[in-house]
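Chain by chain, the residues:
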Amino acid sequence: MTTTSTAEQAQQELLEEFELFDNWMDRYQYIIDMGKALPAFPDEHKRDELKIQGCQSNVWMHHERQGDTLHFAAISDAAIVSGLIAVLMRIYNARKPSDILATSPHFLKDLGLDKHLSPTRSNGLNAMLERIYRVAEQEAA
């Protein structure tokens, strides 16, 4: 569940949390710890059609609509990627499609993730974001 009313507010809260860390080793560890706290991902959702293409590690993402909100679940076999999933879930999970589409992922630049992730991790993160936005576009129509 989300504790903030909009994806933008969740993004701002996340940015404030990361300001508490002095260096990137601490930030990476926080991201990894966030990933360890992800809810269990059912094995039946680990299907080819739910696999994110463009990720170096295995990533599966499932979504369903509940009322007027979209609920995402995802998992990876890599610790840092699971953490990136947790970041995305904090911002975009349990949101209305219009809220998702209205919220640009400026946290990538604001946190410095665009400079501190390897190109393959960055590609995977962008592929996950593309899936979230594509689902939101389809559900908004």
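A few points on the structure.

**Some thoughts on the pairing of strand 1 (residues 59–66)**
Here strand 1 runs beside strand 2 (residues 69–76); their pairing, made up of eight bridges, is antiparallel. From the neighbouring strand, Q66 faces strand 2, where its bridge partner is T69. Adjacent in sequence and paired antiparallel, strand 1 and strand 2 are bridged by two residues, among which G67 carries a positive phi angle near 65°.

**Considering unusual backbone geometry**
Positive phi, close to 60°, is recorded for A94, a residue that is not glycine. One can find A94 in the loop between helix 3 (79–92) and helix 4 (97–101). On the basis of relative accessible area, A94 is assigned to the buried category, the value being 13%.

**Concerning empty space enclosed by the protein**
In the structure shown here, the tally under the stated rule is one cavity of 30 Å³ or more. Every residue lining the largest cavity is listed: C55, Q56, S57, V81, T120, R121, G124, L125 and M128. Per element, the largest residue contribution to the lining of the largest cavity is five residues, and it comes from helix 7 (residues 119–140).

**Some thoughts on the packing of helix 1 (residues 7–18) against helix 3**
Closest axis-to-axis distance for the helix 1/helix 3 pair is 7 Å, and the angle between their directions is 135°. On the basis of the axis angle, helix 1 is oblique to helix 3. Only V87, R90 and I91 of helix 3 make contact with helix 1, whose side of the interface consists of A7, A10, Q11, E13, L14 and E17. Its residues placed into classes, the contact of helix 1 with helix 3 shows five nonpolar, one polar and three charged.

**Considering the side chain of H45**
Counting through the fold element by element, H45 comes out in the loop between helix 2 (24–36) and strand 1. H45 sits in the buried class, given a relative accessible area of 16%. Leave out the neighbours within four places in its chain, and H45 touches L50, W60 and H62.

**Regarding the packing of aromatic side chains**
For the coordinates displayed, the defined rule picks out five aromatic pairs. A ring pair is formed by F21 and Y30, whose centres lie 5.0 Å apart and whose planes are at 40°; its orientation type is tilted. With centroids separated by 5.6 Å and ring planes inclined at 70°, the aromatic side chains of Y92 and Y133 adopt a geometry described as edge-to-face. Of this pair, Y92 sits in helix 3 while Y133 sits in helix 7, placing them 41 residues apart in sequence. Pair check on accessibility: Y92 and Y133 agree, each one buried.

**As for the nonpolar core**
Counting residues in each nonpolar core, the largest one holds 44 residues, and the members touching the most others are L88, Y92, F107, L113 and M128. For this core, the secondary-structure elements that each account for two or more residues are helix 1, helix 2, strand 1, strand 2, helix 3, helix 5 (107–111) and helix 7. Here this core gets ten residues from one element, more than from any other, and that element is helix 3. Setting aside chain neighbours within four positions, we find M128 in contact with I52, V59, M61, V81, L84, I85 and L88.

Parameters and conventions
Residues numbered from 1 in each chain as written. Predicted model: local features only at pLDDT ≥ 70, side-chain atom pairs only at ≥ 80, totals over all residues. Heavy atoms only, no water. Pairing = 2+ DSSP bridges. Helix = DSSP H or I, 4+ residues; strand = E, 2+ residues; numbered from the N terminus. Buried < 20%, exposed > 50% of the residue type's maximum accessible area, 1.4 Å probe, protein only. 1 Å grid on protein atoms, 1.4 Å probe; cavity = no way out; pocket = protein on both sides within 12 Å on 5 of 7 lines; lining within 4 Å. Points joined across faces, edges and corners; volume = space filled by probe spheres on them. Axes fitted to C-alpha atoms, helices over the stretch in contact; angles between N-to-C directions. Parallel < 35°, antiparallel > 145°, perpendicular 65-115°, else oblique. Contact = heavy atoms within 4.5 Å. Nonpolar A, V, L, I, M, F, W, Y, C, P; charged D, E, K, R; others polar. Phe/Tyr/Trp six-rings, centres within 6.5 Å; stacked < 30°, edge-to-face > 60°. Core = buried A, V, L, I, M, F, W, Y, C linked by side-chain atoms within 4.5 Å.

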